[in-house]
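Here is what each chain is made of, one letter per residue.
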Amino acid sequence: MLLPSHHRRAPPRRGGRRSRGGIAELAPRLVGCLLLLALVAAVLRLSSSSSRARSRRQHEGGGSRETLPSGSGATPRVTIFSATRPAPEGSQARQELAVRSWLALPGNVSVVLLGAHASSLAVAGRLGRRVTVDAAIDSSFTGTPFFHSIVARAQAASDSDICVLVDAEIILLPEIIDALAHLSKVDRDWFLVAMSRNITEFHYQLADNGSHWVQADGKTVSFRKLREIPADKWAPESSDRGMIVAWNSPSSPLHAGVLPSFLYGRGAHNWWLTHEVLSSEMRLVFDASSLVLGLYPESFSSMYGMSSSKSERLPAGSWEYSVNCHLAAIYGSYCYPLPRKHSTVLHKVVKQSEDYLFSKADELTLSDFVISKEEKAHGGRGSLWRNENICSSGHLHSSNLPYSLSMLLELAADKNRSVVLGVAGVSYRDMLMSWACCLRHLKVTNFIVCALDHETYEFSVLQGLPVFRDPLSPKNVSFDDCHFGTKCFQQVTKVKSRIVLEILKLGYNVLLSDVDVYWFDNPMPFLYSLGPATFGAQSDEYNETGPINSPWRLNSGFYFARSDNATVTVMQMIVKHAADSGLSEQPSFCDVMCGENGTNRISDDKCLEPYTNLTVVFLNRDLFPNGAYKGLWEKHDVLSACKELGCFIMHNNWINGRKKKLQRQMSTGLWDYDSTSRLCLQDWSDRGSFRRMSQINLFEDTDR
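Rules behind the numbers
Residues numbered from 1 in each chain as written. Predicted model: local features only at pLDDT ≥ 70, side-chain atom pairs only at ≥ 80, totals over all residues. Heavy atoms only, no water. Helix = DSSP H or I, 4+ residues; strand = E, 2+ residues; numbered from the N terminus. Buried < 20%, exposed > 50% of the residue type's maximum accessible area, 1.4 Å probe, protein only. Polar contact = N/O pair within 3.5 Å; in protein donor to acceptor, adjacent residues only side chain to side chain. Pairing = 2+ DSSP bridges. Contact = heavy atoms within 4.5 Å. Axes fitted to C-alpha atoms, helices over the stretch in contact; angles between N-to-C directions. 1 Å grid on protein atoms, 1.4 Å probe; cavity = no way out; pocket = protein on both sides within 12 Å on 5 of 7 lines; lining within 4 Å. Points joined across faces, edges and corners; volume = space filled by probe spheres on them. Nonpolar A, V, L, I, M, F, W, Y, C, P; charged D, E, K, R; others polar. Core = buried A, V, L, I, M, F, W, Y, C linked by side-chain atoms within 4.5 Å. Right-handed = clockwise from strand over helix to strand, strands pointing away.

For the protein, an unreviewed UniProt entry supplies the name Nucleotide-diphospho-sugar transferase domain-containing protein and the organism Panicum virgatum.

Given below as structure tokens:
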């Protein structure tokens with residue numbers, strides 16, 4: 001076969017040596033090859049330099065309009081996170097339709113539904129393995145998930161390239177995947193925000209296989225057809241719930257600072273987050289609100305003011321929105337105007353033909369149709385970000401929180417009308433949260449909290465705890481000096497017995513648990529099985545042999561009291577005895593129930609109060625150990641040692657001082673709260689990192 005002329009071989013020369021003339025003939029050819037290589041290298045350098053310059057202009061806002069980088073590459077792995085809402089606030093049919101629209105998106109898309117609602121499990125069960133449910137999310141006692149927990153869970157998605165947060169009833173269109181695929185070529189961290197469209201008339205359903213939409217008459221409707229819905233059929237949904245946010249590099253920080261404990265879906269949190277991402281300038285921010293990425297088939301406005309309460313008897317007030325406004329006003333820079341200088345991070349994204357273009361924004365505001373609507377709502381030309389109603393809300397007033405003690409009891413009590421009561425002041429609020437997180441992990445939901453001061457009350461509200469304020473609590477509770485034997489300790493303990501008596505009179509059984517009691521398992525079924533006219537209490541005896549009901553060995557920091565006549569009568573006697581005593585309430589428990597010097601003791605682990613015949617059972621210390629029993633707190637692996645004994649709980653007592661108590665509990669790993677992020681530690685949390693930081697921050701008492 002003949003080769004092209006420039007590839008033909010030269011005929012071989014005779015002889016084994018090449019002549020000098022042959023070398024001379026090759027020289028020009030070699031020079032030509034070298035020049036050609038140099039020219040190619042120069043072109044490549046020029047192309048690379050031009051590409052870098054173009055990329056730099058795109059990232060730095062250079063030029064009025066640039067094309068988002070395109071080209072070949074693997075489809076990004078996209079994970080969509082959302083939290084479903086139970087009826088009547090949420091519609092299961094609309095939520096299932098929305099999730100099916102997400103699964104119908106092209107590319108590598110998966111869905112994670114967050115929260116423990118049965119609606120999430122039901123949707124996931126019908127839609128297959130690409131939908132998973134993660135219940136390990138912090139929620140308030142009303143069942144509302146926390147936004148900061150949702151974001152933290154998304155940031156822990158190591159198997160995803162891009163995270164998307166969206167309301168559970170927003171239908172997503174393929175446009176969002178096209179836009180995200182183009183943005184994935186940007187070699188910087190970025191954050192996308194867009195507004196969904198409120199469809200006033202939406203009569204379409206997804207076919208069973210999710211590949212196409214159909215009309216009511218069964219006729220197929222293409223995805224492109226949905227994008228072409230006439231403009232008069234929709235309106236921009238500029239409420240906080242209507243926002244769609246997405247970001248790449250999931251684990252990288254979104255902004256500088258801490259994300260507050262916003263209640264998800266209760267307003268302000270999406271606007272606040274976008275504002276902080278912009279002001280931090282750690283990511284490029286793409287405003288894609290001119291694109292039709294999501295549709296909502298019904299206005300969100302009808303949902304505002306709806307309660308997420310478990311009981312219809314509770315008022316459907318706006319206290320959750322007030323909490324979010326309070327947080328938005330005191331955290332970050334939301335209430336301060338962003339500089340109106342030329343922005344280097346905010347870019348508007350538009351689509352022309354099949355290309356996505358972006359241009360730098362002149363001001364730090366979002367799309368025109370959002371601005372116009374928000375300016376009308378705010379009554380002027382003020383910035384979209386500065387909602388004066390939020391920023392002037394000021395202090396969070398307790399009158400905005402519509403839950404009395406009796407209402408909390410009705411909401412929290414289990415089927416046996418039993419509740420767990422924790423009592424805490426400001427000095428132990430982090431320990432209170434670790435205790436509450438531990439109960440949440442054990443799925444113990446029938447607990448309530450008595451706050452000894454306003455600081456603890458407000459902190460508990462913002463952390464989603466079912467809290468009430470005791471108006472008769474002492475006002476001079478010491479921050480660091482309120483341990484066993486102090487005057488402060490004596491005053492605080494007397495509050496507990498008085499509150500327990502009040503709850504018993506309302507007809508509820510009470511398990512009083514100090515917040516320094518660590519729970520390994522739920523002891524309530526065991527304690528309830530002790531039967532009527534029985535009072536179960538922890539023993540404070542530290543000797544491993546001998547009676548555990550020795551005089552003054554009843555621990556009043558962990559006991560179970562039934563709401564019956566005998567127990568109510570004895571608790572009244574204890575409260576009166578303690579009021580007349582200069583000591584703490586614990587000696588009053590011992591003297592009233594077991595008699596002075598233990599005269600009412602029977603056997604080695606019981607007492608019988610003679611007036612009411614109330615039986616006092618001192619709980620088995622292997623199951624309910626105190627802080628000095630068997631040196632458990634000093635074990636190398638406290639958790640394993642307690643599991644071997646079958647412990648229900650272990651008390652962190654027999655140690656003086658708040659700091660020493662905190663250090664002992666944190667160092668042994670029996671701690672479930674990260675005070676920096678104000679999140680319960682979850683399976684997806686970096687617990688090792690937390691334990692290292694806890695040792696650094698242990699003695700720092702800032703933000704108290």
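Now, onward.
Let us now look at the side chain of threonine 274. Its place among the elements puts threonine 274 in helix α7 (residues 269-280). With a relative accessible area of 0%, threonine 274 lands in the buried category. Among the polar contacts listed, one links the side chain of threonine 274 to the backbone oxygen of asparagine 270, at a separation of 2.9 Å.

Moving on to the sheet that holds strand β20 (residues 467-469). Across the sheet, which stays open at both edges, the nine strands sit in the order β20-β19-β18-β21-β24-β23-β27-β26-β25 with mixed pairing between neighbours. At either end of the open sheet lies a strand with only one pairing partner, and these are β20 and β25 (601-602). Where strand β23 (residues 534-539) meets strand β24 (residues 554-561), four bridges bridge the pair, whose relative direction is antiparallel. In the sheet register, glutamine 538 faces β24, and the bridge partner there is asparagine 555. Seen against the sheet, helix α11 (residues 405-412) touches β18 (418-424), β19 (447-451) and β20 and runs at an angle of roughly 160 degrees to β19. With respect to the sheet, helix α13 (residues 454-462) is in contact with β18, β19 and β20, its orientation differing from that of β20 by roughly 160 degrees.

One pass over the structure, following the stated rule, counts five cavities of 30 Å³ or more. Lining of the largest cavity is provided by Ser140, Phe141, Trp319, Leu401, Tyr403, Leu408, Tyr457, Val461, Gly464, Leu465, Pro466 and Val467. Broken down by class, the residue content of the lining of the largest cavity amounts to 10 nonpolar, two polar and no charged. Counted as a void, the second largest cavity has a volume near 80 Å³. What lines the second largest cavity is simply Phe147, Ile150, Leu165, Val166, Asp167, Asp240, Arg241, Met243, Tyr264, Gly265, His269 and Asn270. Mapped onto the lining of the second largest cavity, the elements with two or more residues apiece are α4 (147-155) and α7. The residue inventory of the lining of the second largest cavity, partitioned by class, reads six nonpolar, three polar and three charged.

Right, let's get into the nonpolar core. Proteins that are soluble and globular tend to have nonpolar side chains buried together. With 133 residues, the main nonpolar core has Leu421, Trp435, Ile503, Trp519 and Phe535 as its most contacted residues. Among the elements that take part in this core, helix α12 (residues 429-441) stands out by supplying eight residues, more than any other. Excluding residues within four positions of it along the chain, leucine 421 makes contact with Trp435, Ile448, Cys450, Phe468, Ile499, Val500, Ile503, Val510, Leu511, Leu512 and Ser513. Judged by nonpolar contacts, the second largest core, of 39 residues, contains Val111, Ile170, Ile244 and Ala288.

This part covers the pairing of β18. Judged by how many residues are buried, β18 sits mostly within the fold: seven of seven residues are covered. Covered by surrounding structure in β18 are Ser418, Val420, Gly422 and Ala424 together with Val419, Leu421 and Val423, the residues of both alternating faces. Bridge analysis of β18 against strand β21 (residues 509-513) gives four bridges, and the strand direction is parallel. Bridge pairing in β21 links leucine 421 to leucine 512. Across five bridges, β18 lies against β19 in parallel orientation. Note that in β19 the partner of glycine 422 across the bridge is valine 449. Once the chain exits β18 it traverses α12 before rejoining the sheet at β19, and the crossover so formed is right-handed.

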